[in-house]
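Here's the letter readout for the chains.
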Amino acid sequence: MWFVKKTSPRRSQVRRKKASERLAQISRFASTDRLISILLTAIFIVFFVFIISFELMRPVNYFDLVPRTIIAVLISLGAAFYIHRYQKQIIKNHTRTLALAGMFILLLAATKFGVLFANQTSWATGTAVTAAIILTIAYDQRFAIGMSMFYCFFAYFAASPYSNINLFLTMAAGTFTCCLALREIRTRMKLLEVSILAAAVVFIMAASLDFFSESRPEKLSRIFSNAGNHAGVTLIIGVLIQGLLPLIEKIFRIATSMTLLDYSDASQPLLKRLAMEAPGTFSHSLMVGTIAEAAAETIGCNGLLCRVGAYYHDIGKINKPSYFTENEMGFTSRHKELSPAMSQLIIVGHVKDGIEMAREYSLPVVLRQFIETHHGTTLIEYFYNEAKKKYEAKDSEDSAAPSEGEFRYTGPKPRTKEAAIVMLSDVAEGTVRSLGEPTPTKIEATVHNMAMKRLQDGQFDECDMSLRELSLIETSIAKSLAAHYHGRVAYPKSASELKPARPAKEQQNNKPANNNKTQDPEELQQQTQPEDKPVNEDEEQTPEPPEQPEQETNGSTDSPQS
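So, how was this worked out
- Residues numbered from 1 in each chain as written.
- Predicted model: local features only at pLDDT ≥ 70, side-chain atom pairs only at ≥ 80, totals over all residues.
- Heavy atoms only, no water.
- Helix = DSSP H or I, 4+ residues; strand = E, 2+ residues; numbered from the N terminus.
- Buried < 20%, exposed > 50% of the residue type's maximum accessible area, 1.4 Å probe, protein only.
- Contact = heavy atoms within 4.5 Å.
- Areas by Shrake-Rupley, 256 points an atom, 1.4 Å probe, with all protein chains shown as cover.
- Phe/Tyr/Trp six-rings, centres within 6.5 Å; stacked < 30°, edge-to-face > 60°.
- Polar contact = N/O pair within 3.5 Å; in protein donor to acceptor, adjacent residues only side chain to side chain.
- Core = buried A, V, L, I, M, F, W, Y, C linked by side-chain atoms within 4.5 Å.
- Axes fitted to C-alpha atoms, helices over the stretch in contact; angles between N-to-C directions.
- Parallel < 35°, antiparallel > 145°, perpendicular 65-115°, else oblique.
- Left-handed = near helix turned anticlockwise from the far one by under 90°.
- Nonpolar A, V, L, I, M, F, W, Y, C, P; charged D, E, K, R; others polar.
- Salt bridge = Lys/Arg side-chain N within 4 Å of Asp/Glu carboxyl O.
- Patch = residues over 30% accessible without salt bridge, like charges linked within 9 Å, V, L, I, M, F, W, Y side chains within 5 Å.
- Lys, Arg positive; Asp, Glu negative; His and termini not counted.
- Charge placed at Lys NZ, Arg CZ, Asp CG, Glu CD.
- Expected span 1.5 Å × (residues − 1).
- Arc of directions from axis to C-beta.
- pLDDT = per-residue confidence, 0-100.

> What is the right way to read the overall build of the chain from this model?
Check the secondary structure of the chain and you find 25 helices and zero strands. Relative to its 562 residues, the chain shows a buried fraction of 40%. Here the analysis covers contacts within the chain between residues at least 6 apart in sequence; of these, 73% occur between residues at least 24 apart. Accessible surface for the chain amounts to roughly 33,500 Å². Of this, 58% is attributable to carbon and sulfur atoms.

Right, dumping it as structure tokens:
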């Protein structure tokens, strides 16, 4: 008992809490995604060491192998930390991790092959430009610049022992030019223009560096020949990537702006079906696309992606178009014949049907997110309230009261800002369309209410959208809707329309008598009616019997539904 240290209950509780936190940190670090990423990094280091030490394999020289291994490990760890900092989702997406590592291995092997067997250091410049273009297409410019510089380090050591600092600077000049000039590919000439610009920069850089190190006049021909080789390889790379662009998009599961423009064409099979089978939904999708594109550009997002994604977000309504308001075309709603639970299943089902149709028509993955997330996990309020009313009217304790979870969409929530913009544009356009007289003030208040309702419901929790960006999006959507639902000045009436109508008796007195012709009773009835009374065209086509006028009217109203 003398050697046992007494501790207070509070200190024991703190120690237990620290131990649990430490265990939680270890479990988070040792997750499956991290372990797989660490394994792929180790495999990449092994392949990279083998490539840069290929010429040492014939006479085994372990002394030169050690420093190259250390350099490979340090550069690889630097690239891994850079990926963890700026593209953390690559760690969870093992397909992209494998594609990125495989691309680096293939390009480094091509560099080593060109330097050893063709004795041309221009291969290193060509592979560096290739990596820069592919990374810019697959990711953003900042990440592409950082990873391209890491590749320049890899290629610099892979080209050893024939490389020098001039080769590294030439590769860096080409990669910086490609990353900064290639923002998006909207035309087929874009890659060729970027490769021409990069070739010019590479030529100037290579010639200047060689001339700086060897300024003798007899070396000018060799200097310009070497610079021409670097520039020529850079130009050829742009042409090759133009042909390999569909393969790059499939490997990295992306869609360039040129591909998105192709999918925005109205001749696409899905858009054709949507226009023919659900014209109201097609018109709504076009309007949402225009609104979302303008809103996305106000906060610097991809407006083209928002527009094309909005075109396809409701393709699931093709299967049951008549169950949605925009396709009713004046007929009675079919949901009056269904229970709220069944109506909820039909409404929620258009999301699942849309995903299946997107897979069937091989829609790009980047467009499928708009189908999945354009409703998130929001509540279908109308049918939820109808279910509550029916439950309260029954007043029975046998059945359970309807819960909100049963009347919510399955999700997921928007994971990108573009998907969140399409969600807000969709609900704002539908709500404003239902207003009786949409004025700019009403539209602005409606858009703000919809945005706040989605924000408080937690629909924007996974898309990293700030309140300032949400405010700019609201303003843009309200402005676009106000411009669409603007008021018009009434057209002036002609002189014949402004002339007052004469009474029917005066017309009968002025009309010449015709005693030989017997008039139809319907004509006599029309003559005795005053002209200012509107005539019901439906009544003229299907006259009602005098005995039961109400039953005939109800029958004619329900006939389109039957």
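Moving on from the model shown.
> It is not clear to me how the packing of aromatic side chains should be interpreted in this structure. Could you clarify?
How two aromatic rings sit relative to each other is given by the distance of their centres and the angle of their planes. Enumeration according to the criterion identifies 19 aromatic pairs in this entry. With 5.4 Å between their ring centres and 75 degrees between their planes, F44 and F154 make a pair best called edge-to-face. Residue F44 is located in helix α2 (residues 32-52), and its partner F154 is located in helix α7 (residues 141-158); the two are separated by 110 residues in the primary sequence. Classification of F154 by relative accessible area gives buried; the value is 1%.

> How should unusual backbone geometry be read in this particular structure?
Glycine aside, residues mostly have negative phi angles, and peptide bonds mostly take the trans form. Residue P412 is reached from G411 by a cis peptide bond, and omega for that bond is 10 degrees. Looking at the secondary structure, you find P412 in the loop between α17 (381-394) and α18 (417-433). A positive phi angle, near 55 degrees, is found at D464, a position not held by glycine. With respect to the helices and strands, D464 occurs in the loop between α19 (440-456) and α20 (467-484). Residue D464 is classed as exposed on the basis of its relative accessible area of 66%.

> Just checking my understanding: could you explain the side chain of E474 for this structure?
Along the polypeptide, E474 turns up in helix α20. Within polar-contact distance, the side chain of E474 engages the side chain of H448 at 2.9 Å. With residues up to four places along the chain from it excluded, the contact list for E474 reads V447, H448, A451 and M452.

> I'm lost on the nonpolar core in this one. Help?
Note on soluble globular proteins: their nonpolar side chains tend to be buried together. By size, the foremost hydrophobic cluster in this structure holds 67 residues, and its most contacted members are Y312, L367, I421, I477 and L481. Counting residues per element, this core draws most heavily on α18, which supplies nine residues. Residues in contact with Y312, not counting those within four places in the same chain, are Y263, Q268, L270, L271, L363, L367 and I371. Membership of the second largest hydrophobic core comes to 61 residues, among which are I45, I134, A138 and I241.

> Is there a simple way to explain the packing of helix α9 (residues 190-213) against helix α10 (residues 220-252) in this structure?
Each packed pair of helices is defined by two parameters, the angle between the axes and the distance between the axes. Across the interface, α9 lies against α10 with an axial gap of 8 Å and an inter-helix angle of 160 degrees. Between α9 and α10, the crossing angle belongs to the class labelled roughly antiparallel. In this structure, α9 crosses over α10, and the sense of that crossing is right-handed. When its residues are assigned to classes, the contact of α9 with α10 shows 18 nonpolar, seven polar and one charged.

> Please explain the pattern of salt bridges as it appears in this structure.
It is possible for side chains bearing opposite charge to pair when their charged atoms get close. A full pass over the atoms with the stated rule returns eleven salt bridges. Of the charged contacts in the structure, one is a salt bridge between E381 and K453, with a shortest N-O distance of 3.5 Å. Linking E381 in helix α17 with K453 in helix α19, this pair joins segments that are 72 residues apart in sequence. Residue K453 is classed as partly exposed on the basis of its relative accessible area, which comes to 33%. Its salt-bridge partner being D457, residue R408 comes within 3.2 Å of it at the nearest N-O pair. One end of the pair, R408, is in the loop between α17 and α18; the other, D457, is in the loop between α19 and α20, and 49 residues separate them in sequence.

> Explain a positive patch on the surface here, please?
A cluster of basic side chains, namely R11, R15, K18 and R22, defines a positive patch on the protein surface. The topology assignment puts R22 in helix α1 (residues 9-29).

> Is there a simple way to explain α17 in this structure?
For α17, spanning 14 residues, the distance from its first C-alpha to its last is 20 Å, which sits close to the expected 20 Å at 1.5 Å a residue. Within the sequence span of α17, burial applies to F383, Y384 and A387. Down the axis of α17, the buried set is contained in an arc of 105 degrees. They therefore lie on one face. Exposed and oriented more than 90 degrees from the buried face of α17 are Y382, K389, E392 and A393. For α17, the secondary structure elements touched by its buried residues are α15 (340-360).

> Is there a simple way to think about the packing of α19 against α20 in this case?
Interhelical geometry of α19 versus α20 gives an angle of 145 degrees and a closest axis separation of 9 Å. As α19 packs across α20, the resulting crossing turns out to be right-handed. Judged by residue contacts, P440, I443, E444, V447, H448, A451, M452 and L455 of α19 engage L467, L470, E474, I477, A478, L481 and A482 from α20.

> Can you help me understand the confidence of the model for the chain in this one?
Close inspection of predicted coordinates is inappropriate for parts of the model with low pLDDT. Per-residue confidence for the chain averages 82 on the pLDDT scale, and 80% of its residues sit at or above 70. Low pLDDT, under 50, characterises residues 511-562; the stretch is placed with 20 contacts to residues that sit more than four places away or in other chains.

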